[in-house]
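# Structural characterization, general
The chain contents come next:
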Amino acid sequence: MASALAAKMGFNSRMRKQARNFRVRICTTESEEEFNCEVKWKGKDLFDLVCRSLGLWETWFFGLQYAIKDTVAWLKMEKKILDQEVPKEEPITFFFLVKFYPENIEEELVQEITQHLFFLQVKKKILEEEIHCPPEASVLLASYAVHAKYGDYDPNVHEPGFLAEEELLPKRVINLYQMTAEMWEERITACYAEHRGRTRDEAEMEYLKIAQDLDMYGINYFLIRNKKGTDLLLGVDALGLHIYEPENKLTPKCSFPWNEIRNISYSDKEFTIKPVGKKTNTFKFISSRLRVNKLILQLCIGNHDLFMRRRRVDSLEIQQMKAQAKKERARKQAEWQRLQREKKLRKEAERARAEMERKLVQLQEEAHMANEALLRSEQTADLLAEKAQIAEEEAKLLAQKAAEVETEMQRIKVTAMRGQEERRIMEQKMLEAEMRALKESEESERRSKEAEQLKQDLQEARASERRARNKLLEITSKAINTSPVLPSDSIPPDLSYSRENLSFDFKDTDMKRLSMEIEKEKVEYMEKSKHLQEQLNELKTEIESLKLKERETPLDIIHNQNTEQGTSKQSNFKKLTLQSTKSKVAFFEEL
């Protein structure tokens, strides 16, 4: 059966080599793309093609990874693709990933595309909990991730619930607290609002600067055993090799910086590391598989090469790359400032237009009120004129009645002579007639005065009407003369207000020359931002009361103990590097 399988594999290999080309699928953190490859291509040919398609210059940080049985491997650059243990099916799937991490993100990453790819991969590792991140740092990192995606915070646009579909926090952090999605969003948004004025690239860089201080950042872990058969973890990163206990990936038991290591080699499953110094013993460990040893050696060689490169003067190519990147950043900064100015002018124009519309509405309301007042004045004047006419007619009628009463009195006087009784009756009638005449006279006089008063009211109403007309003319004139005029050059065109719109040896001389320099750079690397620490402590204090301690993972407990003891990734590394290499080798063998 084994011979049949080998024959089948050999047949597949011959058929593949006979083909003119084959297809590969390249998966990045946010996309995937297929390429045609020639049979004779080496790993470097495909790698260069992918880098060109991405516009990537800083290629030394990246590699093409593929799955092989129960582990992973990196495509070798100088070997033909089909001669390596790549998957047999087509298209062959490779993952374009960060292979080597820098010591200092801000100083070493030049291109924005490099920074963006690092940001996406580190963010993915944190969310998938491949990198342990404390809750308070998770919230701050989430706020920078939101800023990188949405830009400056705007309460009118970014209303409550706008992060409902976003994956921003590790599930471990969410389950650790009695907090709803709305409560998490509120805290993330509060931090997000403080990042106003940053570009997407600046937000991504702030994210990476915080992430690089996490204990598990940039470390590849491998299960090993020492001579005693004790299970341990080997961590490989930009600074050196670290030995961990299997249940504690945060705090190494001992560390070997690259400048203390002379030679690394392996034979079968046994891995040998020779420290600098003739009197120092080598230390050995055993890995689970030969393939893992190959991967460890590959990562050690690459990280050591970059470690040495950082301590040499930049090559002409890198200097030109940095100069071009600096020029590009300056251009983008100028473009960003121009957009900010246009945005400011747009807002000012919108405010001016809104103010003009407000004043126009106010003037229209005043004109409407003046028209209504004029109409009421005209109606009042007409009513008063009608009343005056009625009063005048009534006065005339009363005067006529008074004359008739006087005539009747004269007639009664003439006829009153007829008799005593008649006289007495006549006198009484005369008295009554006089009383009526007096009353009629008083009523006539009162009506006359009322008519005069109505005439005066009519005159006043007509005067009020004239004043109302003058007020309307004044308001109309004011609306024309005081309308704000915006300068044409201050309003963007779209806002114009118009009606129309295997073995590897390191040189001992290089190590001795770099001993002092590496110590200085370690100190610089270990400095932390005071403001960042204050932010993290404030966030931790805010959410501490809602923590469910029974849900803490072992790594959470270890992180809390390290925090209480004042132990950080940098301080622990510095403490371990101060130990002699000999004592560290002895310690490793005794674990």
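Residues numbered from 1 in each chain as written. Predicted model: local features only at pLDDT ≥ 70, side-chain atom pairs only at ≥ 80, totals over all residues. Heavy atoms only, no water.

Take the overall build of the chain next. Of regular secondary structure, the chain possesses 16 helices and 13 strands. Across the 591 residues that make up the chain, the buried fraction comes to 42%. Of the accessible surface of the chain, which amounts to about 34,800 Å², a share of 51% is contributed by carbon and sulfur atoms. (Helix = DSSP H or I, 4+ residues; strand = E, 2+ residues; numbered from the N terminus. Buried < 20%, exposed > 50% of the residue type's maximum accessible area, 1.4 Å probe, protein only. Areas by Shrake-Rupley, 256 points an atom, 1.4 Å probe, with all protein chains shown as cover.)

Sites flagged by UniProt as "binding site: a 1,2-diacyl-sn-glycero-3-phospho-(1D-myo-inositol)" (unreviewed entry) map to Lys76, Met77, Glu78, Lys79 and Lys294. When you line up the elements, Met77 lands in the loop between β4 (71-74) and β5 (92-98). A relative accessible area of 59% places Glu78 in the exposed class. Sequence-distant contacts of Glu78, that is, excluding residues within four places in its chain, are made with Lys42 and Lys44. (UniProt positions renumbered as here; feature names shortened; annotations may be inferred. Contact = heavy atoms within 4.5 Å.)

The terminal C-alpha atoms of helix α4 (residues 112-127) lie 22 Å apart, and with 16 residues this matches the ideal 22 Å at 1.5 Å per residue to within 8%. The buried count for α4 comes to 12 of 16 residues, which makes it a mostly enclosed element. Within the span of α4, buried status applies to Glu112, Thr114, Gln115, His116, Leu117, Phe118, Phe119, Leu120, Gln121, Val122, Ile126 and Leu127. Glu129 lies just past α4 and shows a positive phi near 65°. (Expected span 1.5 Å × (residues − 1).)

Another aspect to go through is the sheet that holds strand β1 (residues 21-27). Taken in spatial order, the five strands make up an open sheet running β2-β1-β5-β3-β4, and their pairing is mixed. Each end of this open sheet is capped by a strand with a single partner; those strands are β2 (32-38) and β4. The sheet shows a mean angle of 35° between the axes of neighbouring strands, direction not considered. The sheet contact formed by β1 and β5 spans four bridges and is parallel. From the neighbouring strand, Arg25 faces β5, where its bridge partner is Thr93. Where helix α2 (residues 43-54) meets the sheet, it contacts β1, β2, β3 (62-68) and β5, and its direction lies at approximately 60° from that of β5. Packed onto the sheet, helix α9 (residues 290-310) meets β3 and β4 and runs at close to 45° relative to β4. (Pairing = 2+ DSSP bridges. Axes fitted to C-alpha atoms, helices over the stretch in contact; angles between N-to-C directions.)

Taken as a whole, the chain shows an average pLDDT of 80; of its residues, 83% reach a score of 70 or greater. Across residues 14-18 the pLDDT falls below 50, and counting only partners more than four positions away or on other chains, this stretch makes 10 contacts in the model. (pLDDT = per-residue confidence, 0-100.)

As a further point, take a positive patch on the surface. Taken together, the side chains of Arg196, Lys343, Lys344, Lys347 and Arg351 present a region of like positive charge at the surface. Among the structural elements, Lys347 can be located in helix α10 (residues 316-415). (Patch = residues over 30% accessible without salt bridge, like charges linked within 9 Å, V, L, I, M, F, W, Y side chains within 5 Å. Salt bridge = Lys/Arg side-chain N within 4 Å of Asp/Glu carboxyl O. Lys, Arg positive; Asp, Glu negative; His and termini not counted. Charge placed at Lys NZ, Arg CZ, Asp CG, Glu CD.)

As a further point, take the packing of helix α5 (residues 135-150) against helix α8 (residues 200-211). Where α5 meets α8, the axes come as close as 8 Å, and the angle between the chain directions of the two elements is 160°. Taken as axis vectors, α5 and α8 run roughly antiparallel relative to one another. In the crossing of α5 with α8, the sense of the turn from one axis to the other is left-handed. Mapping the contact onto sequence places Leu140, Leu141, Tyr144, Ala145, His147 and Ala148 in α5 and Arg200, Ala203, Glu204, Glu206, Tyr207, Ile210 and Ala211 in α8. (Parallel < 35°, antiparallel > 145°, perpendicular 65-115°, else oblique. Left-handed = near helix turned anticlockwise from the far one by under 90°.)

Moving on, we get to the environment of Leu46. Among the secondary structure elements, Leu46 is positioned in helix α2. Relative accessible area serves as the criterion here: at 0%, Leu46 is assigned to the buried category. Separated by 35 residues in the primary sequence, Leu46 and Ile81 place their C-alpha atoms 8.5 Å from one another. Setting aside its immediate chain neighbours within four residues, Leu46 contacts Val24, Ile26, Cys37, Trp41, Leu64, Leu75, Ile81 and Phe94.

Our focus in this paragraph is the pattern of salt bridges. What the rule picks out here adds up to 23 salt bridges. In this structure, Glu103 engages Arg311 in a salt bridge whose closest nitrogen and oxygen atoms are separated by 3.0 Å. One end of the pair, Glu103, is in the loop between β5 and α3 (105-108); the other, Arg311, is in the loop between α9 and α10, and 208 residues separate them in sequence. Using a relative accessible area of 5% as the deciding quantity, one classes Arg311 as buried. Linking Arg172 and Asp556 is a salt bridge whose minimum nitrogen-to-oxygen distance equals 2.6 Å. For the pair Arg172 and Asp556, a shared accessibility class is recorded, and that class is buried. Connected through salt bridges with shared partners, the residues Arg23, Arg25, Glu32 and Glu34 form a single ionic network.

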